[in-house]
Every structure is written in C-alpha cells, then in structure tokens.
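So you can see what is in the structure, the chains are spelled out below.
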Amino acid sequence: MKPAVTYELLHIDKNSGARRGVVHTPHGDIQTPIFMPVGTQATVKSMTPEELKEEVKAQIILSNTYHLYLRPGHEIVKEAGGLHNFMKWDRPILTDCGGFQVFSLSDLRTISEEGVEFRSHLDGSKHLFTPEKVMEIEEALGADIIMSFDECCPYPSTYEYTKNSMERTTRWAKRCKEAHTTTDKQALFGIIQGGFYEDLREQSAKDLIDLDFPGYALGGISVGEPKEEFLKMLYHTTPLMPENKPRYLMGVGSPDYLIEAALAGIDMCDCVLPTRIARNGTAMTSHGKVVVRNATYERDFSPLDPECDCYTCKNYTRAYIRHLVKANEILGVRLLSIHNLRFLTKLMEKVRIEIENDNLLNFRDEFYQKYGYTK
RNA sequence: GUGUUAUUAGCUUAGUUGGUUAAAGCGUCAGAUUGUGGAUCUGAAGAUCACGGGUUCGAGUCCCGUAUAGCACC
C-alpha cells in the first residue's frame with residue numbers, strides 16, 4: 001500500500017547536499033525545504049489560520065501530543081472531527097509525540113522500558129505514556145504526519161546513557177510502528193537519536209531504516225550544544241537518512257541553522273523561536289536580530305525589515321511596535337509573530353530558489369555577511 | 001487659626017526596643033530564548049531617607065523648628 005506521505009525529489013544542488021522537493025500529504029503538498037510554525041496547543045500563538053495562510057504563507061504547522069492529551073484531551077479533539085476541523089486548519093499538520101516534553105519535564109518523569117510515567121504540569125495527576133498510548137493519541141488527533149515516541153537526551157549526556165536511551169527509542173519506534181493502524185491517512189516518522197556520538201547516530205539510523213518508516217527525523221540536536229557540535233552532528237547524520245523519504249530536523253529555527261540544515265540535505269524544520277521571541281519583543285530581520293523593545297527604536301519610524309513583504313512591515317513602524325510591546329498590548333505580539341514567521345517562510349522560499357540555481361552555498365555566505373554572523 | 005497624621009528610588013510601599021553597605025513590587029535600561037510548562041526568565045542602573053538644627057559612640061528610626069500634603073475641629 002502507498003504510504004500516506006511520500007517524497008518527490010525535484011533537484012539536488014550541484015554544490016552542496018541541499019535538495020529541492022515536494023512532500024505529498026493527505027492535506028496537500030509541501031514544497032521543501034520548509035520551515036514549519038509551531039502551534040503546540042492547537043494554535044500558533046496569537047495567529048488565526050487565515051493569517052497563517054495569507055500573511056505568513058505557512059504550508060504546514062505542528063501541534064503537540066502531550067499538551068493536547070492533557071488539555072482538552074485527545075478524545076474531545078477526535079469528537080470535534082480531528083485536529084484539522086477542531087482548529088479550522090485544512091492544510092497539513094504534524095504532531096510531535098511528547099518525547100521532548102518528557103525531556104523538558106525531566107524532574108517529573110520516570111522512564112522504564114514500558115514507557116514514561118510523568119505528572120501533569122497542570123494538576124499534578126499521574127500519567128503513563130507508552131508507544132502504544134502515544135499512537136492512540138496521535139491517531140485521535142489525526143495529523144498527516146505523526147512522530148514515534150522517543151527520548152530526547154539532554155546535552156551533555158554520557159556515551160552509556162545515550163546508547164541505552166537510543167536503543168530504547170529504537171525499540172519504542174518498533175512498537176509505535178506495530179501499534180499504528182491508520183497508515184493510509186497518517187504517516188509515522190521515526191526519530192534518529194544517538195546524542196553527540198557519531199557511531200550511535202549511525203546505529204540509530206540503520207536500525208530505524210530497517211523498520212522502513214515513510215519519513216525520518218533527526219532529533220536530539222539543537223538542545224543547547226555549541227554550534228560547531230550541532231553542525232558536526234547535522235552533517236554527519238543527514239546523509240545517513242534515506243534519499244527517497246522526507247528528512248525532518250526537529251527544533252531548529254534560527255536563520256543560520258535553517259540554511260545549514262538545507263545545505264546538509266534536510267527538508268523540514270520546526271521551531272518555537274520566531275513566535276517565542278516575538279512574544280518578548282524581538283524581530284528577525286535580514287540585517288540581524290532587532291530587539292524592538294529597546295529604547296533605540298523609540299523614534300524609529302521605519303518598518304521592522306525594509307526588505308520584508310509581510311503585513312506588519314507594510315503597515316507599521318518599529319516605534320509603534322515598540323510602543324505596543326512596552327504597553328503589553330496583544331497586537332504587538334501578533335504583529336511580531338506575523339513578521340517573524342513570514343521572515344522564515346520567505347527565507348525558505350529563497351532557499352528553494354537558490355537550490356534550483358545550485359547557488360545555496362553562495363547564498364549562505366551572503367546571508368551570513370548581511371545578517372552579521374561570522375560563520 | 002488650632003490639633004493631628006504623614007513625607008524613604010520615577011511611582012506605591014517595607015524598614016523591629018536607635019546598630020554592618022536602607023529592602024521590595026511596578027516602571028526604566030539591557031541580556032537570554034531553537035521537536036513552547038515562556039505576554040517568561042536573568043541582570044543592571046536608580047535614594048543627601050522633605051529641609052534645617054539637636055540628642056547619641058551611632059539617627060530613616062528619638063527631640064525641636066520649617067515646608068508641603070491629608071484629615072478633624074474652630
């Protein structure tokens with residue numbers, strides 16, 4: 001049977017590993033490489049679906065198993081007709097499995113072979129996530145792409161801990177695959193782990209490829225390590241991932257990391273960074289980060305980014321947005337979120353064009369120079 | 001006019017029987033943020049303790065006077 005999600009390779013950049021492609025899903029095609037906005041609780045914070053489509057031009061968004069399971073409960077989302085109906089988003093959705101929450105809520109969790117026991121951050125109640133349970137939840141939510149249940153090791157972790165964790169994650173991935181029933185409507189992706197140890201990454205990739213998932217994610221990097229470590233693992237692991245399937249790098253969202261990911265041959269990235277820093281008064285621009293909350297912009301009547309085509313930049317000034325942020329007005333968060341998300345989706349539009357022109361390496365160097373990065 | 005209460009950081013306040021470098025919240029200024037427990041978190045600057053005297057080894061704290069504000073009564 002044809003999987004719910006397939007990858008079509010259009011072009012490989014002749015000067016790098018970057019690939020231009022299309023991911024076909026039940027709710028439409030995704031042009032890759034792509035950045036995916038995160039909507040943890042069935043909403044990209046402060047954005048309507050119309051804004052995501054028309055202003056941000058988002059092709060796919062993420063949501064989260066852990067959070068929706070706890071509130072409102074996956075049964076309610078299922079009753080609503082699934083996540084797409086519930087939140088009025090008719091394009092593709094990817095649900096994260098809650099593995100990262102297991103990591104970030106580590107003071108409350110107990111990991112065993114069976115799964116993870118944890119306490120709800122909302123009311124302290126005890127819950128058990130097993131691979132089978134996570135599949136039940138993700139099937140109820142009904143996203144196009146669902147993630148297998150994994151453990152994301154903290155940085156740094158010892159070789160032994162990382163190895164045991166990675167091997168358990170592989171066993172969990174197998175159980176996820178066996179428990180997954182809606183294969184015609186939802187594609188289950190495996191998550192490669194192995195921390196910052198090259199041989200563990202190789203082992204993880206090999207074992208997961210043997211399980212034949214319709215797509216693969218690179219997890220457990222961009223967890224606080226130095227950039228050199230990140231790049232080393234990225235460039236080591238990505239070539240291990242199958243060429244005929246989508247490659248998803250989890251948790252990456254700064255402009256430089258996104259370009260590096262594309263260069264390495266990654267197709268999909270997601271991150272909370274653009275929406276999170278928006279809520280704290282910061283904009284991403286083609287000339288670097290602008291902390292618009294700062295006093296420097298009190299009388300700056302120019303747009304956040306003069307090169308940006310978004311609703312915010314077409315209509316509002318830095319001084320006004322600064323005022324909204326300082327006054328704690330909701331509109332400030334909304335305008336910055338629109339801009340930051342549009343900045344990244346547009347960056348990836350450019351990346352796709354540059355790949356088609358075999359020019360992504362040059363583009364990276366120009367971008368770094370302009371953005372103020374020193375590679 | 002008389003009595004009374006108050007006056008401490010930009011604002012609102014804490015400050016024990018007088019005892020190290022006067023504290024906090026908000027505000028201001030800045031930093032952080034990468035598969036969202038984040039309209040969050042961290043840090044910094046900012047005070048002649050209304051003013052002038054006095055008592056004391058030592059005063060934001062006790063005494064006197066002045067100023068300003070509130071309240072009560074003429």
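For clarity, every value in this text was computed on a predicted model and none was experimentally measured.

K.L.:
Where do I start with the protein's contact with RNA strand B in this structure?
P.N.:
In the vicinity of RNA strand B lie 42 residues, with Cys152, Gly251, Arg276, Arg279 and Lys326 positioned nearest. The sugar-phosphate share of atoms of RNA strand B within 4 Å of the protein amounts to 52%. Within the side chain of Gln101, an N or O atom sits 2.7 Å from a phosphate oxygen of RNA strand B. Breaking the surface near RNA strand B down by element, the ones donating at least two residues are β5 (61-64), α5 (99-104), β14 (268-271), α11 (273-279) and α13 (318-326). It is α11 that contributes the most residues to the surface near RNA strand B, five residues altogether. When the residues that make up the surface near RNA strand B are grouped by side-chain class, the tally is 15 nonpolar, 17 polar and ten charged.

K.L.:
Explain the sheet that holds strand β4 (residues 34-37) to me, please; I cannot follow it from the model alone.
P.N.:
Each strand in a sheet pairs with another by means of backbone hydrogen bonds, the pair being arranged parallel or else antiparallel. If you walk across this open sheet you meet the eight strands as β4-β14-β13-β12-β11-β10-β6-β5, and the pairing is parallel. The open sheet has two edge strands with one neighbour each: β4 and β5. Put simply, the sheet's adjacent strands are angled 30° from each other on average, direction ignored. Taken together, the three bridges between strand β12 (residues 215-218) and strand β13 (residues 247-249) define a ladder with parallel strand orientation.

K.L.:
Could you clarify how one ought to interpret helix α8 (residues 198-210) in this entry?
P.N.:
With 13 residues, α8 should reach 18 Å at 1.5 Å per residue; the first-to-last C-alpha distance of 19 Å fits that figure. Listed as buried for α8 are Leu200, Arg201, Ser204, Ala205 and Leu208. Mapping the buried residues of α8 onto a view down its axis gives an arc of 135°, with all of them on the same face. Packed against the buried residues of α8 are α7 (159-179), β11 (187-192), β12 and α9 (227-237). Phi turns positive one or two residues past the end of α8, at Asp212, with a value near 60°.

K.L.:
Whenever I open this one, empty space enclosed by the protein confuses me. Can you help?
P.N.:
A water-sized probe rolled over the atoms picks out the places where empty space is left. For the structure on display, the rule yields one cavity of 30 Å³ or more. Lining the largest cavity are Tyr66, Gly98, Gln101, Val102, Leu105, Phe118 and Phe129. The residue inventory of the lining of the largest cavity, partitioned by class, reads five nonpolar, two polar and no charged.

K.L.:
Even after reading the chapter, I still don't get the environment of Cys308, so can you show me in this structure?
P.N.:
Positionally, Cys308 belongs in the loop between β16 (288-290) and α12 (311-315). A relative accessible area of 11% means that Cys308 is categorised as buried. Once residues within four sequence positions are removed from consideration, Cys308 is found in contact with Cys313, His339 and Arg342.

K.L.:
What should I look at first to understand the pattern of salt bridges in this one?
P.N.:
On inspection of all chains with the given rule, the structure shows 23 salt bridges. For Asp212, the salt bridge identified is with Lys245, shortest N-O distance 2.6 Å. Within this pair, whereas Asp212 is found in the loop between α8 and β12, its partner Lys245 is found in the loop between α9 and β13, the two being separated by 33 residues in sequence. Between Glu298 and Arg299 there is a salt bridge, and its shortest N-O distance comes to 3.7 Å. By relative accessible area, Glu298 is classed as partly exposed at 46%. Looking at Arg299, the relative accessible area reads 66%, which means it is exposed. When salt bridges with common partners are traced through the structure, they connect Asp309, Arg342, Lys346 and Glu349 into a single cluster.

K.L.:
Any chance you could explain the nonpolar core here in plain terms?
P.N.:
Soluble globular proteins: nonpolar side chains tend toward being buried together. In terms of nonpolar packing, the biggest core is built from 111 residues, with Leu52, Leu94, Met147, Phe149, Tyr248 and Leu249 touching the most fellow members. In terms of residue count, helix α14 (residues 330-356) provides more of this core than any other element does, ten residues in total. When near neighbours in sequence (up to four residues on either side) are disregarded, Tyr248 contacts Met36, Leu62, Leu94, Met147, Phe189, Tyr216, Ala217, Leu218, Met241, Met268, Cys269 and Asp270.

The rules behind these values
- Positions within a chain are numbered from 1, following the residues in the order the chain's sequence is written.
- Written order decides the labels, with chains lettered from A and ligands numbered from 1.
- Local features in this predicted model are restricted to residues whose pLDDT is 70 or higher, and side-chain atom pairs enter the listing and the counts only when it is 80 or higher, whereas totals over whole chains, interfaces and linings include all residues.
- Excluding hydrogens and water, the side-chain figures rest on all heavy atoms present in the structure.
- A molecule or strand has a residue near it when one of that residue's heavy atoms lies within 4 Å.
- In protein, a polar contact requires one atom able to donate a hydrogen and another able to accept it; more generally it is a pair of N or O atoms within 3.5 Å, and residues adjacent in sequence count only if both atoms are side-chain atoms.
- Secondary structure elements are defined from DSSP: runs of H or I of at least 4 residues count as helices, runs of E of at least 2 residues count as strands, and each element is numbered from the N terminus.
- Put simply, Ala, Val, Leu, Ile, Met, Phe, Trp, Tyr, Cys and Pro go in the nonpolar bin, Asp, Glu, Lys and Arg in the charged bin, and everything else, Gly too, in the polar bin.
- In this description, strands pair whenever DSSP reports at least two bridges between them.
- Every axis in this analysis is a line fitted to C-alpha atoms, fitted for helices over the stretch in contact. Angles between the N-to-C directions lie between 0 and 180 degrees.
- Under the convention used throughout, the expected extent of a helix is 1.5 Å for every residue step, that is, one less than its residue count.
- Buried means the residue's accessible area, taken with a 1.4 Å probe over protein chains only, is under 20% of the maximum for its type, while exposed means over 50%, and partly exposed covers the values in between.
- By construction, the arc corresponds to the directions joining the helix axis to the C-beta atoms.
- Here, residues are in contact when the closest pair of their heavy atoms is within 4.5 Å.
- Here a cavity denotes grid points, spaced 1 Å and computed from the protein atoms alone, that fit a 1.4 Å probe unable to get out, and a pocket denotes an open set having protein on both sides within 12 Å along at least 5 of 7 lines; residues with an atom within 4 Å of a point are the lining.
- Grid points are joined across faces, edges and corners, and a volume is the space filled by probe spheres set on the points.
- Any carboxyl oxygen of Asp or Glu within 4 Å of a side-chain nitrogen of Lys or Arg constitutes a salt bridge here.
- In plain words, nonpolar cores are sets of buried Ala, Val, Leu, Ile, Met, Phe, Trp, Tyr and Cys residues tied together by side-chain atoms within 4.5 Å.

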